[in-house]
There are 2 protein chains.
Amino acid sequence: MNPSETYDIVFHNGLIITANGNWDVHEKGVVCVSGGRIESVRGEAPGDELPRARKYIDAGAGIVMPGLVNTHSHAAMALFRGLADDLPLMSWLEDHMFKAEARWVNRQSVFDAARLSFAEMLLSGTTTCCDGYFFEGAVARAAQEAGIRAVLAQGVVDFSAPGVPDPRRNVSTAVDFVRAWQGKVSRIYPGIFCHSPYTCSEKTLRSAREAADEAGCLLQIHVAETKGEVAKIQEEKGGSPVAYLDSIGVLRDRTLAVHAVWASEEDTALLAAQGVGVSVTTESEMKLASGVAPIPGFLDAGLSVGLGTDGCASNNNQDMFQEMDFTAKLHKVHRLDPTVLHARSVLALATRDAAAAIGLGDEIGSIEVGKWADIITIDTKQPHWTPMYDPNSHLVYTARGSDVRNVVVDGTIVVENRRIRTMDVERVTEDVEGWSRKIRSSK
Amino acid sequence: MNPSETYDIVFHNGLIITANGNWDVHEKGVVCVSGGRIESVRGEAPGDELPRARKYIDAGAGIVMPGLVNTHSHAAMALFRGLADDLPLMSWLEDHMFKAEARWVNRQSVFDAARLSFAEMLLSGTTTCCDGYFFEGAVARAAQEAGIRAVLAQGVVDFSAPGVPDPRRNVSTAVDFVRAWQGKVSRIYPGIFCHSPYTCSEKTLRSAREAADEAGCLLQIHVAETKGEVAKIQEEKGGSPVAYLDSIGVLRDRTLAVHAVWASEEDTALLAAQGVGVSVTTESEMKLASGVAPIPGFLDAGLSVGLGTDGCASNNNQDMFQEMDFTAKLHKVHRLDPTVLHARSVLALATRDAAAAIGLGDEIGSIEVGKWADIITIDTKQPHWTPMYDPNSHLVYTARGSDVRNVVVDGTIVVENRRIRTMDVERVTEDVEGWSRKIRSSK
């Protein structure tokens, strides 16, 4: 901390939960930010004057913590939030989602719905999301405008998809997207998203892997989401989905395996050996009745695991605080062991571990000098936060997204005192309501 | 609707979810209230003038619905919110909660903490809670001041308890509480709460049953919460906890069985035959790893089932919207069937069914003419609510307590535009923070 320096932003009057490797906590701490990066982190010495800054963010005696990292979203699916609930997964996907997508997903609707999702995410403390969908260029424009950090991937399937009528162009369309966005905006990391081992052929998977390696970008893939998928791949390929993907060279580092609900111990060992990150979307996997992903086993095997909301057509919100709460409690009751996944370990799944799972472990996920300044403050002066014996516990078991007061991404204030500064929320919600009126009247 | 009448309150400009037997919904509906009761409910005819009223509540094009009914709380345990997490149930209860209670629970701390809980409940849309604890007279005073509707019961155990040093006076203390509060405040319904079949002797249970019958009040009891309890009672009494309670005459109508996680099909049939209500506290049962209560089986057997938050030392908040979300999703993944417990049925578990479970089915739980005016409005003009294809689905899968804007109990406005009118929230949270500083420094 340089006394003669004037910082861009200084956070003060809060309990700093760094989420660093030691999980250091500073009572009444100070975090200084300049040039988009964290320059210093410390507790406030009594009588200290605050460092000079162009902008002070007073945490109001609440919590200052790293922004949450949502490792799996389909932001544009906000268009279909709650359109078809309480249905079997395959009927939900094939009779409802694929049909609605074929008719209503276009460049403009994707942009409008993604912008809405980013508003929702930022307002509830998510500063980074890892997304996969079609017309992902429109998602990137929405992310650029919203001010969120985003790992974005163009979807690849072996049938006609929105914006990719000819499936022979699935991988090349994804490559075009990566080329268009790589290095363009520092907050936006383009990549490729193969939908799953049951919707992509071996040829497609190999080709996507090769393209991702060439570009040095993340390859995302849904895998082992349902019992049915495991049985199908076992029958067709003679191994589990994870083993099959490994056998054709798809699994290695810079890969994100999404769901992995039915990963066996052998699968887990394979994922760990190849340095694959895992994204678990607890609420979506509960609502669609996919199953309970073996997170404790993943962690024991040393895997990097992050939580994600999935698309809000199967959740139905994008509140990462809820995702933590569901994850902690689900595993306790599933194993009939209340000591499984204690609060701090779950908090890591939405911060430092999540960042590592999507390949950004050195860049974000904790409040540490040199990392990007992706920081949120939490208003704890509320009845449901009182009293507070252990802030980690409250962040997991008590908090909700609406407790977030300020959000900084990349050193820029995007939410101030609960108001989003990067867009006109009323307009953004109206735009999506306009689409929903058309969708509703066509049903 | 009498055109010449001036109502106390008229709700308008909202989608009315009545939660009546037909689950009628009125677009842009109008609800008229006078003398604490609902006088009329209807859709707004185009061009209609609003009825005359002393006060209008504009729902802002959001939702108007019955206030939520929390069928199991220990409001005063807010004192210990998050004090001891991620521990086995018996260690949590015996090493932490009972010890903390013996030292810190007194008339004043119970009053202060209950008042805080009622603030939290009202602000998140709960208009009725069903509570059990010690010094319940102080809880009743807090409820009276807060303006919440409350079924309150004095706790009974066979060992020294806060305020009841001599366990021989356990039932008589409860009877004294009932006598002091019966008929005193129309919103407050006193009763008796036997802790469990493993902390109360047969003699105590029979005596409490007799006293409850004599007073015509509700008898609450925790039952079949854990596998361990079932094994213990089976060994000592030769039957399941439910069968044992039935064999000694404890089960009949005006009884609330709380948890019933490990109720067998035979137990369920017994509960149904005796007209017992059931309270399930999903989040608490998940966090303490008690198990998954067989709600679909209860409903098939025709039982009245309500959700509850349990004390916020084991949850750790009292947000009934979250409780619905957890309940719907948990059962889907537990049964690997996404069609189980659809949104509307879960909404009933927090409104009309919950009211029936605690014996108030004719009084509250829906927006119907003649019932008490316990009504809330929900702000749906927010990103996480957009778009809205099905309001029932959004109330369960998307909503959170902070979406509640106005709360009326007994025809009185207790929360207006997110601000509680019956108490000084800052003072109330400070009072509990004061207790928590003492508790923390003594650890």
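Residues numbered from 1 in each chain as written. Chains lettered and ligands numbered in written order. Predicted model: local features only at pLDDT ≥ 70, side-chain atom pairs only at ≥ 80, totals over all residues.

(A) Spotlight on the overall build of chain A. Assigned secondary structure in chain A consists of 15 helices and 16 strands. Whereas a compact globule of 443 residues would reach a radius of gyration of roughly 22 Å, chain A reaches 21 Å, a difference of no more than 12%. Structurally, chain A occupies a C-alpha span of about 70 × 45 × 40 Å along its principal axes. Sequence separation of at least 24 residues holds for 73% of the intrachain contacts in chain A that already meet a minimum separation of 6. (Helix = DSSP H or I, 4+ residues; strand = E, 2+ residues; numbered from the N terminus. Rg over C-alpha atoms; globule rule 2.2 N^0.38 Å. Contact = placed C-beta atoms within 7 Å.)

(B) Region of interest: the interface of chain B and chain A. At the junction of the two partners, chain B supplies 55 residues and chain A supplies 55 residues. Only α2 (107-123), α9 (282-287), α11 (320-335), α14 (391-397) and α15 (425-442) of chain B provide two or more residues apiece to the side of chain B that touches chain A. For the side of chain B that touches chain A, the element with the highest residue contribution is α15 of chain B, accounting for six residues. Taken together, the residues of the side of chain B that touches chain A break down into 24 nonpolar, 15 polar and 16 charged. (Nonpolar A, V, L, I, M, F, W, Y, C, P; charged D, E, K, R; others polar.)

(C) Region of interest: helix α6 (residues 227-237) of chain A. Residues and elements named next belong to chain A. Those residues of α6 that fall on the buried side of the exposure criterion are Glu229, Val230 and Ile233. End-on view of α6: buried residues confined to an arc of 100 degrees, all on one side of the axis. The exposed residues of α6 that point more than 90 degrees off its buried face are Ala231 and Glu235. Elements in contact with the buried residues of α6: α7 (241-247). Positive backbone phi, approximately 75 degrees, marks Gly238, located one or two places after α6. (Buried ≥ 20, exposed ≤ 12 C-beta atoms within 10 Å, placed from the backbone. Arc of directions from axis to C-beta.)

(D) Looking closely at the packing of α2 of chain B against α15 of chain B. Residue and element names in this part refer to chain B. At their nearest, the axes of α2 and α15 sit 9 Å apart, and the two run at 135 degrees to each other. Put simply, α2 runs oblique to α15. Crossing hand, α2 versus α15: left-handed. Of the residues in α15, those in contact with Ser109, Asp112, Ala113, Arg115, Leu116 and Ala119 of α2 are Val425, Val428, Thr429, Asp431, Val432 and Trp435. The residue inventory of the contact of α2 with α15, partitioned by class, reads seven nonpolar, two polar and three charged. (Axes fitted to C-alpha atoms, helices over the stretch in contact; angles between N-to-C directions. Parallel < 35°, antiparallel > 145°, perpendicular 65-115°, else oblique. Left-handed = near helix turned anticlockwise from the far one by under 90°.)

(E) Representation of the sheet that holds strand β8 (residues 188-194) of chain B. All names here are of chain B. What the eight strands build is an open sheet, ordered β5-β6-β7-β8-β9-β10-β11-β12; its pairing is parallel. Each having just a single partner strand, β5 (68-73) and β12 (305-307) make up the two edges of the open sheet. When the angles between neighbouring strand axes are averaged without regard to direction, this sheet yields 25 degrees. Of the pairings in the sheet, the one linking strand β11 (residues 277-280) to β12 comprises three bridges and is parallel in character. Residue Val278 lies in a different strand from β12, and its bridge partner there is Val305. Packing against the sheet, α11 makes contact with β5, β6 (126-133) and β12, and its axis sits at approximately 120 degrees to β12. (Pairing = 2+ DSSP bridges.)

(F) Seen up close, the pairing of strand β2 (residues 25-34) of chain B. Residue and element names in this part refer to chain B. Alignment of strand β1 (residues 7-17) against β2, held across six bridges, turns out to be antiparallel. Residue pairing in the sheet places Gly14 in a bridge with Gly29 of β2. Here six bridges tie β2 to strand β3 (residues 37-43), and the two strands are oriented antiparallel to one another. Following the sheet pairing, Val30 is matched in β3 by Arg42. In this structure, the hairpin formed by β2 and β3 is closed by a connection of two residues, where Gly35 is found at a positive phi of approximately 55 degrees.

(G) Inspection of α15 of chain B at higher detail. In this model, α15 of chain B (18 residues) spans 26 Å end to end at C-alpha, consistent with the 26 Å of a helix rising 1.5 Å per residue. In the core, the buried residues of α15 of chain B are packed alongside α1 (89-104) and α2 of chain B. (Expected span 1.5 Å × (residues − 1).)

(H) Examining the relation of the copies chain B and chain A more closely. Between chain B and chain A, which share one sequence, the superposing operator has a rotation angle of 180 degrees and an axial displacement of 0.0 Å; the RMSD is 0.0 Å. As the rotation angle and translation indicate, the two copies are arranged about a two-fold axis. The overlap is high: 100% of the interface residues of chain B also sit at the interface in chain A, so the same surface is used on both sides. (Least-squares fit on C-alpha atoms with pLDDT ≥ 70 in both.)

(I) Spatial organisation of the packing of helix α4 (residues 170-181) of chain B against helix α5 (residues 202-215) of chain B. Residues and elements named next belong to chain B. Running from amino to carboxyl end, α4 crosses α5 at an angle of 15 degrees, the nearest separation of the two axes being 10 Å. By the angle between their directions, the pair α4 and α5 is classed as roughly parallel. When you trace α4 past α5, the crossing you get is right-handed. Along its contact with α4, which presents Asn170, Val171, Ala174, Val175 and Val178, the element α5 presents Thr204, Ser207, Ala208, Ala211 and Ala215. Along the lines of polarity and charge, the residues of the contact of α4 with α5 split into seven nonpolar, three polar and no charged.

(J) How the structure looks around the environment of Leu89 of chain B. Residue placement: Leu89 of chain B occurs in helix α1. You can call Leu89 of chain B buried: it has 20 C-beta atoms within 10 Å. Sequence separation between Leu89 of chain B and Ser240 of chain B is 151 residues, and the spatial gap between their C-alpha atoms is 20 Å. Every residue in contact with Leu89 of chain B, bar those within four places of it in the chain, is listed here: Pro338 of chain A together with Thr226, Leu288, Ala289 and Ser290 of chain B.

(K) Representation of the domain arrangement of chain A in the model. All names here are of chain A. For chain A, the assigned domains are domain 1 (6-66 + 371-410) and domain 2 (68-357). Here domain 1 and domain 2 have C-alpha centroids that lie 29 Å from each other. Every contact between the two is made by 17 residues of domain 1 and, on the other side, 23 residues of domain 2. Those elements that place two or more of their residues in the side of domain 1 that touches domain 2 are α14 (391-397) and β14 (404-409). Element by element, the count of residues in the side of domain 1 that touches domain 2 is highest for α14, at five residues. Per-class residue counts for the side of domain 1 that touches domain 2 are eleven nonpolar, three polar and three charged. (Domains from an automatic or database assignment.)

(L) Highlighting the confidence of the model for chain A. Per-chain confidence: chain A averages 96 in pLDDT, with 99% of residues scoring 70 or above. Interface confidence for the predicted complex, expressed as ipTM, amounts to 0.97; the pTM equals 0.97. (pLDDT = per-residue confidence, 0-100.)

(M) Representation of the sheet that holds strand β4 (residues 52-66) of chain A in the model. Strand order in the open sheet made by the eight strands is β3-β2-β1-β4-β13-β14-β15-β16 (chain A), with mixed pairing throughout. Edge positions in the sheet fall to β3 (37-43) and β16 (419-420) of chain A, since each has one partner strand and no second.

(N) Just the pairing of strand β10 (residues 255-259) of chain B, in detail. All names here are of chain B. Most of β10 is tucked away, with five of its five residues classed as buried. Note: strand β9 (residues 219-223) against β10, five bridges, orientation parallel. Residue pairing across strands places Ile221 opposite Ala257, the latter belonging to β10. Looking at chain direction, β10 and β11 are connected through three bridges and run parallel. Pairing of Val258 across the sheet is with Ser279, part of β11. One crossover worth recording links β10 to the parallel β11 by way of helix α8 (residues 265-273), and it is right-handed. (Right-handed = clockwise from strand over helix to strand, strands pointing away.)

(O) A look at unusual backbone geometry. For the bond running from Thr386 of chain A to Pro387 of chain A, omega is -10 degrees, close enough to zero to count as cis. Note that Pro387 of chain A resides in the loop between β13 (375-378) and α14. In this chain, Asn315 of chain B is followed by Asn316 of chain B through a cis amide linkage whose omega measures 10 degrees. Along the chain, Asn316 of chain B falls in the loop between β12 and α11. If you check the backbone angles, Ala224 of chain A has positive phi at about 55 degrees while not being a glycine.

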